[in-house]
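Letter by letter, the chains look like this.
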Amino acid sequence: MARVVVDVMPKAEILDPQGQAIVGALGRLGFSGIADVRQGKRFELEVDDTVDDVTLERIAEELLTNTVIENFNVSRVAE
Amino acid sequence: MTARIGVITFPGTLDDVDAVRAVRIAGAEPVELWHGDADLKSVDAVIVPGGFSYGDYLRAGAIARFAPMMGSVIDAAAKGMPVLGICNGFQVLCEAGLLPGALTRNEGLHFICRDEWLKVQSNTTTWTTRFELGAEILIPLKSGEGRYVAPPGKLEELEGEGQIVFTYAGGNPNGSALDIAGISSRDGRIVGLMPHPEHATEPLTGPSDDGLGLFYSVIDSVLAAA
C-alpha cells in the first residue's frame, strides 16, 4: 500500500472568490502582510502496488480535476 | 404524434418535478428517467434538470456525469438528440463535455435566488426557435455556482459561432463571463442555462410564462422531424 496525494488548485487566471474572502477575513482578524490566498483541494488516496502512475494521472485528470478550471499535482508520499 | 421528452432524476435532483410539469403544460409527454438506468425509453429529447445531484460532492455535476443514464445521453446527443441542461443540469453537461467551459462559484459567494431578465441572443438553437431575437424574458435564477468561465479563446469562439444563447439583461448577477446565462453546442441541439425556465411556465406559480418558449421550440423541432 502507498499513500498518494493529489493537490487540485484553481488555475491562476480563474477568479477564486473563496480565496479572496479568506484574505478579507485575515485582514479583519488583524493578520497583516497576507497578499493573496488561493483555495484548492487535497485528496489522499490509499492505493495498492498494482496502481501505476499512469492510472493515478488518469484518476486525477478524469475525475478529481476539472481541467477547464483547475490544475493538479500527483505525488506518492512515503509511509 | 406527441413528442416524448425525458427528464432525468439523480440522487439530489430537485427540479425534475417542475420540468416534468413544464413539458406537460407545453403539450408534450414527459418521460421520467432514472440516473441508474441506461434506457432512454425512446424519448425524442432529454432535459437534465436542476438540483444538487450527488450533493454536488467533488464538483457540481462531476459525479452525475458518470451515471449510466448520462452515458446514454452522451451517445444519443452525438447522434443529434436535443438536450437541455438547466442549472445543475448545465453543470452536468459541461462536466460531461457536451458543452464547453465550466460553472464556478459566484463572484461575491452569495447564493442568488431571484427573477432575472434574460436577453435571447440566439433563436436558431433547437430550444429557442420560438423566441424573437433580442427578446427579454423573465426567468428565476437560483444558484451559488453560476459564474460561467471558458478557456482562453473559447469565449471569442462562442461569440463568433453564435453559441451564446442567453445573457443577463439586468446586470450581471454572478460575475459570469460576457454576462452569459446560457450557451449551446455548435449545432444548437444542446443548450445549457443557469436560470430555470421550468419555473416560469404560468403566472400562478412563476414570474411569467416565458420559460415555455424553450419547451415549445423543442416540440416544434421533434414534430417537424417526425
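Procedures and definitions
Residues numbered from 1 in each chain as written. Chains lettered and ligands numbered in written order. Predicted model: local features only at pLDDT ≥ 70, side-chain atom pairs only at ≥ 80, totals over all residues. UniProt positions renumbered as here; feature names shortened; annotations may be inferred. Helix = DSSP H or I, 4+ residues; strand = E, 2+ residues; numbered from the N terminus. Buried ≥ 20, exposed ≤ 12 C-beta atoms within 10 Å, placed from the backbone. Contact = placed C-beta atoms within 7 Å. Nonpolar A, V, L, I, M, F, W, Y, C, P; charged D, E, K, R; others polar.

All names here are of chain B. Following the UniProt record, one finds the feature "active site" (unreviewed entry) at Cys 87, His 196 and Glu 198. In summary, the annotated positions, though distributed over 112 residues, converge in three dimensions, the widest C-alpha pair being only 10.8 Å. With respect to the secondary-structure elements, His 196 resides in the loop between strand E11 (190–193) and helix H5 (212–225). By C-beta crowding, His 196 is classed as buried, having 25 other C-beta atoms within 10 Å. The contacts of His 196, once residues within four sequence positions are left out, are Asp 15, Gly 50, Ile 86, Cys 87, Ile 139, Pro 140 and Lys 142. Within the secondary structure, Glu 198 sits in the loop between E11 and H5. Of the residues examined, Glu 198 has 30 C-beta atoms within 10 Å and is grouped as buried. The contact partners of Glu 198, leaving out residues within four places of it in the chain, are Asp 15, Asp 18, Ala 19, Ala 22, Pro 49, Ile 86 and Gly 211.

Turning to the interface of chain A and chain B, a few remarks are in order. Tallying the contact residues gives eight residues for chain A and 13 residues for chain B. Within the side of chain A that touches chain B, the residues separate by chemical class into six nonpolar, two polar and no charged.

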